[in-house]
Each structure stands twice: as C-alpha cells, then as structure tokens.
Amino acid sequence: MYDFHKSVVYQCYFKSFYDSNGDGVGDLRGVTAKLDYLQKLGVDYIWLNPFFPSPQRDNGYDVADYCAVDPRFGTMADFEELSREAEKRGIRLMLDMVFNHTSTEHEWFQKALAGDPDYEDYYIWREGGPDGTPPNNWESKFGGNAWQYVPEKGNWYLHLFDPTQADLNWENPRVRKELQNVIRFWMGKGVKGFRFDVVNLISKGSYESDDQGDGRRFYTDGPRVHEFLHELNEATFGTDAEIITVGEMSSTSMENCYKYAGADTGELSMVFSFHHLKVDFVGNEKWVLVPFDFQKLKNILFSWQTGMSDHNAWNAVFWCNHDQPRVVSRFGDEGEYWKPSAKMLGTVIHCLRGTPYVYQGEEIGMTNPGFTSLDQYRDVESINHFHILRDRGLHEDSAYDILRVHSRDNSRTPMQWDASEGGGFSEAEPWISMNPNHKTINAASQVDDPDSIFAHYRKLIALRKQYDVIANGDFAPLDMAHPSVLAYTRRTDREDLVVINNFYRKEADWTCPVDLDGFTCLLSNYADSRAETKLHLRPYESLVLYRAN
Ligand code: TEU
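Residues numbered from 1 in each chain as written. Predicted model: local features only at pLDDT ≥ 70, side-chain atom pairs only at ≥ 80, totals over all residues. Heavy atoms only, no water.

Colleague: A description of the overall build of the chain should follow, citing residues and the corresponding values.
Modeller: Counting secondary structure elements, the chain contains 16 helices and 20 strands. The C-alpha radius of gyration computed for the chain amounts to 23 Å, which stays within 12% of the reference 24 Å derived for 549 residues, consistent with globular compactness. Projected onto its principal axes, the C-alpha coordinates of the chain cover approximately 75 × 50 × 50 Å. Partitioning the contacts of the chain with sequence separation of at least 6, the portion at a separation of at least 24 is 70%. Of the accessible surface of the chain, which amounts to about 20,200 Å², a share of 48% is contributed by carbon and sulfur atoms. Taking the average place of the 56 positive charges on the side chains of the chain and the average place of its 83 negative ones, the gap between the two points comes to 3 Å. (Helix = DSSP H or I, 4+ residues; strand = E, 2+ residues; numbered from the N terminus. Rg over C-alpha atoms; globule rule 2.2 N^0.38 Å. Contact = heavy atoms within 4.5 Å. Areas by Shrake-Rupley, 256 points an atom, 1.4 Å probe, with all protein chains shown as cover. Lys, Arg positive; Asp, Glu negative; His and termini not counted. Charge placed at Lys NZ, Arg CZ, Asp CG, Glu CD.)

Colleague: Run through the nonpolar core, naming residues and quoting values.
Modeller: Counting residues in each nonpolar core, the largest one holds 149 residues, and the members touching the most others are Leu48, Phe51, Trp319 and Phe503. Residue contributions to this core peak at seven residues, all from helix H10 (residues 294–310). In contact with Phe503, other than residues within four places in its own chain, are Phe292, Phe294, Leu297, Trp319, Phe331, Met344, Leu345, Val348, Ser484, Leu486 and Tyr540. (Core = buried A, V, L, I, M, F, W, Y, C linked by side-chain atoms within 4.5 Å. Buried < 20%, exposed > 50% of the residue type's maximum accessible area, 1.4 Å probe, protein only.)

Colleague: I'd love a proper account of the packing of aromatic side chains, names of residues and values included.
Modeller: A full pass over the atoms with the stated rule returns 53 aromatic pairs. Considering the side-chain rings of Trp125 and Tyr157, the 5.7 Å spacing of their centres and the 75° angle between planes classify their relative orientation as edge-to-face. Of this pair, Trp125 sits in strand E5 (residues 125–126) while Tyr157 is found in strand E7 (residues 155–158), placing the two residues 32 residues apart along the sequence. The residues Trp125 and Tyr157 share a single accessibility class, namely buried. Consider the rings of Phe274 and Phe318, whose centres lie 5.5 Å apart with planes at 75°: the pair is edge-to-face. Highlighted residues: Phe274 in the loop between strand E11 (270–272) and H10 and Phe318 in the loop between strand E12 (316–317) and helix H11 (327–330), separated in sequence by 44 residues. Grouping residues by exposure puts Phe274 and Phe318 together as buried. Positioned over the ring face of Tyr18 is Lys34, at 4.5 Å from the centre of the ring. Sitting above the plane of the Tyr119 ring, Arg174 keeps its charged end 5.5 Å from the centroid. (Phe/Tyr/Trp six-rings, centres within 6.5 Å; stacked < 30°, edge-to-face > 60°. Lys NZ or Arg CZ within 6 Å of the ring centre and 35° of its normal.)

Colleague: Which residues make up the sheet that holds strand E13 (residues 355–359), and what are the values?
Modeller: With parallel pairing, the eight strands of this open sheet are ordered in space as E11-E10-E9-E3-E2-E1-E13-E12. Looking at which strands have only one partner, the edges of the open sheet turn out to be E11 and E12. Where strand E1 (residues 9–12) meets strand E2 (residues 45–48), four bridges bridge the pair, whose relative direction is parallel. Opposite Cys12, over in E2, you have Leu48 as the bridge partner. (Pairing = 2+ DSSP bridges.)

Colleague: So what about the pattern of salt bridges? Which residues, and what values?
Modeller: In this structure the tally under the stated criterion is 43 salt bridges. With a closest N to O distance of 2.8 Å, Asp210 and Arg217 form a salt bridge. Linking Glu381 and Arg408 is a salt bridge whose minimum nitrogen-to-oxygen distance equals 3.5 Å. With Glu381 in helix H13 (residues 380–391) and Arg408 in the loop between helix H14 (396–406) and helix H15 (453–466), this pair connects stretches of sequence that are 27 residues apart. Of the two residues, Glu381 and Arg408, both sit in the buried class. (Salt bridge = Lys/Arg side-chain N within 4 Å of Asp/Glu carboxyl O.)

Colleague: Outline the site of the ligand, listing residues and values.
Modeller: Looking at the ligand, there are 18 residues lining it, with Asp58, Asp197, Lys286, Asp323 and Glu381 nearest. Taking Glu248, its side chain carries an N or O atom lying 3.2 Å from an oxygen atom of the ligand. Within the contact set of the ligand, an oxygen atom lies 2.9 Å away from a side-chain nitrogen or oxygen of His322. The fraction of the free accessible surface of the ligand (490 Å²) that becomes covered by protein chains is 89%. Of the residues belonging to the shell around the ligand, the class tally is four nonpolar, four polar and ten charged. A domain split of the shell around the ligand shows at least three residues from each of domain 1 (9–101 + 177–370 + 435–454) and domain 2 (107–166). (Near = heavy atom within 4 Å. Polar contact = N/O pair within 3.5 Å; in protein donor to acceptor, adjacent residues only side chain to side chain. Nonpolar A, V, L, I, M, F, W, Y, C, P; charged D, E, K, R; others polar. Domains from an automatic or database assignment.)

Colleague: Any chance you could break down the side chain of Asp19 for me, citing the residues and the numbers?
Modeller: Along the chain, the position of Asp19 falls in the loop between E1 and helix H1 (28–33). No salt bridge is formed by the buried Asp19. Its closest oppositely charged neighbour is Arg29, at 10 Å. Here the side chain of Asp19 touches Ser426 through a polar contact of 2.6 Å, side chain to side chain. When near neighbours in sequence (up to four residues on either side) are disregarded, Asp19 contacts Gly24, Val25, Gly26, Asp27, Phe425 and Ser426.

Colleague: So what about the environment of Asp27? Which residues, and what values?
Modeller: By secondary structure assignment, the location of Asp27 is in the loop between E1 and H1. In this structure the C-alpha to C-alpha distance between Asp27 and Asp448, which are 421 residues apart in sequence, comes to 26 Å. Residues within four places of Asp27 in sequence aside, it is in contact with Phe14, Tyr18, Asp19, Ser20, Asn21, Arg72 and Phe73.

Colleague: Please set out helix H12 (residues 338–350) residue by residue, giving values where relevant.
Modeller: Between its first and last C-alpha atoms H12 spans 18 Å; for 13 residues at 1.5 Å apiece the expected length is 18 Å, and the two agree. The complete set of buried residues in H12 reads Trp338, Pro340, Ser341, Ala342, Lys343, Met344, Leu345, Gly346, Thr347, Val348, Ile349 and His350. (Expected span 1.5 Å × (residues − 1).)

Colleague: So what's going on with the pairing of strand E17 (residues 508–511)? Which residues, and what values?
Modeller: Burial along E17 is one-sided: Ala508 and Trp510 are buried, while Asp509 and Thr511, pointing the other way, are not. Where E17 and strand E19 (residues 534–537) come together, four bridges link them in antiparallel fashion. Opposite Ala508, over in E19, you have Leu537 as the bridge partner.

Colleague: Just give me the short version of helix H8 (residues 225–235), but keep the residues and values in it.
Modeller: Considered for burial, the residues of H8 that qualify are Val225, His226, Phe228, Leu229, Leu232 and Asn233. Angular distribution of buried residues about the axis of H8 spans 160°; they occupy a single face of the element. Here the buried face of H8 lies against helix H6 (173–188), strand E9 (193–196) and helix H9 (254–260). (Arc of directions from axis to C-beta.)

Colleague: How would you summarise the sheet that holds E5 if you had to cite specific residues and measurements?
Modeller: The antiparallel open sheet is built from three strands, whose spatial order is E5-E7-E6. Edge strands, defined here as strands with exactly one partner in the open sheet, are E5 and strand E6 (147–150). Examined bridge by bridge, E6 and E7 share four bridges and lie antiparallel to one another. Bridged to Val150 within E7 is Asn155.

Colleague: Break down unusual backbone geometry for me, with residues and values.
Modeller: One non-glycine residue, Asn59, adopts positive backbone phi at about 50°. By secondary structure assignment, the location of Asn59 is in the loop between E2 and helix H3 (76–88). With a relative accessible area of 10%, Asn59 lands in the buried category. In this structure, Ser251 is a non-glycine residue whose phi angle is positive, near 45°. With respect to the helices, strands and loops of the structure, Ser251 is situated in the loop between strand E10 (244–248) and H9.

Colleague: Let's hear about the domain arrangement of the chain: which residues, and what values?
Modeller: Here the chain is described as being made up of domain 1 (9–101 + 177–370 + 435–454), domain 2 (107–166) and domain 3 (473–548). Centre-to-centre, using C-alpha coordinates, domain 2 lies 53 Å away from domain 3.

The following block contains the structure:
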C-alpha cells in the first residue's frame, strides 16, 4: 500500500502557477516547466485543480466534459507529458473530481434540457410553488436561492453553487455508473490520486424548506453518502492500493469523517474539513470582520486530531487552498515578523498527525493582495457577496474591507516566481493581478537561501520522511488553555516529539509540562532556540524538539 502518512501534497492552482504560452493564463505545460522546483521542495503529489473543458464560471469547478483537457490549458498529450515528467521525479498527480454537479454546458445537462428521457433524471428537478416561488428556501453557497427555473420545462433544477453548476442526481444509478467511468478513464492514464470536490453533499435527504438555516442540514453528510462512496471505491480506485483519495467535506461532522476516512471503512484515504478555518467567521457567516478566535482554533484542530486518531481515521492537514485567504495574512504577520510567522504556521501543520497539503505560494510566504476595486476580483462568490453586502446597506468601503480579508481571490493571484515586471508568471497581462509585493516575496530569492520560508518547508517535508513519529506518532495536546501558545506532543514506542509555537508577536514565558531531558531541537525559526523546559518564547517562535528512546 502507498504510504500516504509520509507523503506531502502540493496543490497547484495551475491557472495561476506558470503560463507557458504567453496568454496570461497558467497551463499544464507550465506545471511541467516547474517540476524541478517542486522536486526540490520534496513533495510527493501534485493536486491539479480541474483542467477539464469548462465555461470557467467557477474557475473549472463547472465541468463540461470530465474526460478531456480544456484547450485553454493544453492537450491530452500535455497532460501525459506532465504525468511522465512528474513520475521521473518521484511525483504523482492527484486530479480534482467535481462530482456533485456539472456545468449546465455539459452534454448531460443539455440533453436533459432538450427533454431526452434518458438524461432528465441525471439532475434534480422539482416543481415550484403555485405563486412562482422556488421549491424550497435553500440557499446557494454563492448567494441567492439554490433553485433555477427553466421556463421551457416549467420546472426548477437544484444548484448548490452557481446557477451554471447543476447538482447531479446520485439517486440515479446511471449517474453513478457514468462517474465510475470517469475515474476508470483517468486510472487508465496512470493517475494515482483523486480529490473529490464537496463530496459529502452528493446525497440529498428530504427537500424541505429549512426554518432554521440555509438548508445545509438536509443535504450535508446525507442519508446515502457512505453507501455511494463505498460503491465508488469498490468499483474504481479501491482496486488499486497505490491510489490515494481525499474528500472535501463541507460543514461536515467528525462522526461522519470517521467513516469517510477510516482505515478500514472502504471509503476514502482522508478528508479535508474546514471547522478550524471558520474561527474568523460569526457562526457560518464568513462575510464579516472579526478577529480570529485562537482558543477555538486550538480546540477544533486538536479535537479533530484526537477524535480521528481514536477512530483510526486520517486527516488531510492544511491552512491554505484556492478557497481560503493566505494564512500568513490571516493568522500570522505580514510585516516585521512575516518570515518567522510563516515558518511557525508551516510547522504547526506539518508536525500534526495527517497528510499535509501545501498550497502554491504558501512555501514562499505569499500574502493577500489587498485588492481595492471590484474589477480586480474574478471570483463569482466574491463578486456576488459584494453586491449582497451592498444590498444589505453596507457602505462600499466596508464591503471592500471584508472582501480584502475573506475573498477566495486572495489565494488565486499568480505565483510569484521572481522580482521581474510580470513576477515570472507570464509575459502577458495575467488573468488576475499579481500581488505587487512580488518584488520582495518571490521564489527566486528563496530557493537557495538556507534561512528562507522555502527552506523551512523543505525541511518540514524531509523530516516527515525521516522520522516515523511525525508520520505515525500518537498526538496529545499540551497546555490547552494557554492564551498564545499552541503546543502538542507526538509519540511512538521509540520516539518523542514536542512541538511548541508562540502564535503571537507578543513574547511569552512558558514552562513545558514535558520533561525535556535528552531532547534536541530538530527545527526552529530562530537560530539559537534550545530544548529547555523554561522557555522565553520570542515573537512567533516555533520549536520542534525530539528524542529517540
Ligand atoms: O468548494 C466548496 C466550498 O464549500 C467553497 O466554495 C465554499 O462554499 C466557500 O469557500 C465558502 O465561502 C469547492 C471548491 O473548492 C470551490 O473552488 C468550488 O467553487 C466549489 O467546491 C464548487 O465546486
């Protein structure tokens, strides 16, 4: 079996990674061109965001054909070349399967629209109210009601995301067979990893109006979701022990994740959950400005560590992806302590029990771009919510302040390769603006600097391979109640690890509850950190202490 406990996945939002053909948009050959960089970093997998033909209403999460390459991003031959070149460097590919919905431009939806009886039942159609109201009050994740009326059919279809992303009807066995064929197609091309987009939303329960919320309780972790995943596993990737899978679980519960990602449950290898990233929300509302709640962050992160471990289930561990703001802007410091805080945040994640995911640019400490006008934004969710906030009466400046903190576009600006005019991303005007700080924050200045954030991530990735305790040790929290220190232990019969992080710029005196006799410092973000029980932690100081028993 492939040892995904020791692996690290690099997420390549290739549209913003490297533009090989000078059209301002990153592409598959652009990923191939940068494989040496990724090999140097030491990652095992590259998760590629969707590159399938798509109208790009939601940057490829609106798929019009699951078994082809969008010509904007390359050809099937380019994909095969990328796959071969990656393999030469010991790197495998993980593809993004968007199976909750298709684009309305997908052939299946077009046939359903045309009234083809074989395809109508591929999607979820319901009648509305007599007064022209939608079938229920569920809200789309991108704002507004989740149903779209089609006058020619006199009927509504469900879209939990954009109206051009129609939800598939997984109750229909033919739909499930089609999706199995998609996995088999890519397995046939040697693909060894799959990420399943919002896969805990595929089984809808009852279509009632929700008098308590936006409807998510009726379709999240729905009644047949485990059965569906089990079936997909058995019919496809479960036949190849080399394949790893990760499910993106929206608003999920830990109890369900024990099954989704259990070692013996026959569903997926691991899960992304997001509760630890809602600590700067108010409830489920992300379009607000509140400071992050550190205690909550620790509680959630640590309870998932222990809960999943107690149930022999596996986490994907991460701060960043293409839907999240940059972590150094969010929980670290963009100014004086940019470097130590970025390193500290990397350490927190990479020493946890779970498979770490690095999102492109995180390894060089990229920050939010600070966009100031709506025409700089590309993301449908951000643009919709700007208007929703304005309609609620919020002043324009306040709406921008919120977008600057929470927009998904914060992570989608082009990769900062060097200090040149275009940042080394493209010769042309990029599809989304480059962060002007690429003059100082860029890969070229970091790859050969032993003190850089890049070098720190490289060490973290290497340590996971070198020390079994990092990949497989038991987890236990330390000093849960401390207001600024995030610390934990990892343990096997033969090794001990203590990970200590000052999460703030304020210095902190801290006494380690573990006897540190015999420990050495494996990694730190200050040159002179030592394994001492009584610590005076400097701004964002982070230490990884180790002892072989
Ligand atoms: O994301 C799912 C998802 O839940 C987020 O889009 C979430 O709704 C948003 O960040 C909340 O503010 C996945 C993909 O990662 C995302 O890019 C897609 O837009 C979405 O699914 C639809 O396919």
